[in-house]
Amino acid sequence: MSDRTAVLPQYLFPKQALTSFAGWVAGRERGRVTTWIIRRFVKKYDVNMDEALESDIAHYKSFNQFFTRALKPGARPIAQADLVCPVDGAISQFGPIDGEQIFQAKGHHYTCTALVGGDAAVAAQFAHGSFATLYLSPKDYHRIHMPCAGRLLRMTYVPGDLFSVNPTTALGVPGLFARNERVVCLFESALGPFVLVLVGATIVGSMETVWHGVVNPPRTGELREWRYDDQQVLLEKGEEMGRFLLGSTVVMLFPKPPLRFNPAWTPGRPVRLGEVMANVD
């Protein structure tokens, strides 16, 4: 079966309706029913509850509370590096940006301009820079943290599709990460500007940030932008910046010169929050 054929059903599914319904269910507080659902999920995906700040499954009143659970202090030490991994997950792709072309998977690229919602001026800052795409699976910790200290300049909600973002879909859907719904966060840092993009997917009920709260819903179909140039929204390396309510993917863009990535990194490799991602030469 070809990669395109494997994802064909996703073009036919009512993804928006399914995602809205999943978000509604995940937010419901249904006592023993909720506990039963969480217990089944933990068993199916082998979720490590020992590292959760609250390991008792019955503590969580909704599936969303469980899914965005906090970790115990010290569970993810922050490495001494210019840039650290911002999530638990797996490496989709990483490396240099070719002009403004970002590698998605074999035979597929997309542009920085498309990813950030069409703002060519923002995208131009990352021409010939570096990118990293990290996939969060259902069993992973679903809070997103800062790869380095930064000051928020802008947040943009870009409406789009809601394809799955698993590796099979990345091989079969052209421009996947630049066509799905996403939240684009532009920061300035001691290393220069960088972009951190939260990419939505099927049944990702919502995305939220620590400075704004829930960004979506509502899903109005319109691009929305918030400016923070005149504010001091400052976040330290390793500090939480947002979360997925049912998992997805994070894409990061950094300016040139190209980064020196962790030599142990390869596509498909599991990664953990706080480990070395890259250094600047």
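Predicted model only: the values in this text are computed from it and were never measured. (Residues numbered from 1 in each chain as written. Predicted model: local features only at pLDDT ≥ 70, side-chain atom pairs only at ≥ 80, totals over all residues. Heavy atoms only, no water.)

Observations concerning the sheet that holds strand E18 (residues 276-279)
Here is the rule we go by: When DSSP finds two or more bridges between two strands, those strands count as paired. To qualify as a helix, a DSSP run of H or I must reach at least 4 residues; to qualify as a strand, a run of E must reach at least 2; elements of each kind are numbered from the N terminus.
Read from one edge to the other, the open sheet built from three strands follows the order E1-E18-E16, with strand pairing classed as antiparallel. The open sheet is flanked by strand E1 (83-84) and strand E16 (260-261), the only strands paired with a single partner. Examined bridge by bridge, E16 and E18 share two bridges and lie antiparallel to one another. Bridge assignment links Phe261 to a residue of E18, and that residue is Ala278.

Topic: a nonpolar patch on the surface
Note the cut-off: Patches in this entry comprise residues that are over 30% relatively accessible and not in a salt bridge; like charges within 9 Å are linked, as are nonpolar side chains (Val, Leu, Ile, Met, Phe, Trp, Tyr) within 5 Å. Here the open area of atoms and residues is found with the Shrake-Rupley method and a 1.4 Å probe, where only the protein chains shown may cover a residue. For this analysis, a salt bridge means a side-chain nitrogen from Lys or Arg found within 4 Å of a carboxyl oxygen belonging to Asp or Glu. Categorising residues by exposure relies on relative accessible area from a 1.4 Å probe, with only protein chains included: less than 20% of the type maximum marks a residue as buried, more than 50% marks it as exposed, and the intermediate range marks it as partly exposed.
Taken together, the side chains of Val33, Trp36 and Ile37 make up a nonpolar region of the molecular surface, amounting to roughly 280 Å² of accessible area. Take Ile37: it is sitting in helix H3 (residues 32-45). The partly exposed category is assigned to Ile37, whose relative accessible area is 37%.

Some words on the packing of aromatic side chains
To keep things clear, this is the line we draw: Pairs were defined over the aromatic rings of Phe, Tyr and Trp, the Trp ring being its six-membered one, requiring ring centres within 6.5 Å. Orientation was assigned from the angle between planes: stacked under 30 degrees, edge-to-face over 60, tilted for the rest. Here, a charge over a ring is recorded when the distance from Lys NZ or Arg CZ to the ring centre is within 6 Å and its angle to the ring normal is within 35 degrees.
Applying the stated criterion across every chain yields a total of 15 aromatic pairs. Taking the centre distance of 5.7 Å and the plane angle of 80° together, the rings of Phe41 and Phe66 count as edge-to-face. Highlighted residues: Phe41 in helix H3 and Phe66 in helix H4 (residues 63-67), separated in sequence by 25 residues. Considered together, Phe41 and Phe66 belong to a single accessibility category, that of buried residues. Here the aromatic rings of Phe194 and Phe254 are separated by 5.8 Å at their centres, their planes lie at 25°, and the arrangement is stacked. Of the two residues, Phe194 is situated in strand E9 (residues 192-199) and Phe254 in strand E15 (residues 249-254); the sequence distance between them amounts to 60 residues. You can call Phe194 buried: its relative accessible area is 1%. Among the aromatic residues, those joined into a cluster by ring pairs are Phe41, Tyr45, Tyr60, Phe63, Phe66 and Phe67. The ring of Phe66 is capped by Arg69, whose NZ or CZ atom sits 4.7 Å from the centre of that ring. Directly above the ring of Tyr157 sits Arg224, whose terminal nitrogen or CZ lies 4.7 Å from the centroid.

Things to note about the confidence of the model for the protein
Using the following cut-off: pLDDT: the predictor's confidence for each residue, scored from 0 to 100. Note on definitions: a residue-residue contact is assigned when non-hydrogen atoms from the two residues lie within 4.5 Å.
For the protein, per-residue confidence averages 87 on the pLDDT scale, and 84% of positions sit at 70 or higher. Counting contacts from residues 17-22, a segment whose pLDDT is below 50, to residues more than four positions away or on other chains yields eleven contacts.

Some remarks on the side chain of Thr209
So the rule is basically this: Pairing of N or O atoms within 3.5 Å defines a polar contact, subject to two protein rules: one partner must be a possible hydrogen donor and the other a possible acceptor, and residues neighboring in sequence count only if both atoms are side-chain atoms.
For Thr209, the position within the fold is in strand E10 (residues 206-209). Residue Thr209 is classed as buried on the basis of its relative accessible area of 3%. A polar contact is formed between the side chain of Thr209 and the backbone nitrogen of His212, at a distance of 3.2 Å. Ignoring sequence-local partners within four residues, the contact set of Thr209 consists of Met155, Val215, Met241 and Gly242.

Topic: the side chain of Thr35
Its place among the elements puts Thr35 in helix H3. Setting aside chain neighbours within four positions, we find Thr35 in contact with Ile57 and Ala58.

As for the sheet that holds strand E6 (residues 143-145)
Picture the strands of a sheet paired through backbone hydrogen bonds; they go either parallel or antiparallel. Formally: Interaxial angle, 0 to 180 degrees, is taken between N-to-C directions of lines fitted to C-alpha atoms, where a helix line uses only the stretch in contact.
Sheet architecture is open: four strands sit in the order E6-E14-E10-E11, paired in antiparallel fashion. Pairing within the sheet leaves two strands with one partner each, and these edge strands are E6 and strand E11 (213-216). For this sheet the average axis-to-axis angle between neighbouring strands, irrespective of direction, equals 25°. Judged from the four bridges that link them, E10 and strand E14 (residues 240-245) form a sheet pairing that is antiparallel. In the strand pairing of E14, Thr209 is matched with Gly242.

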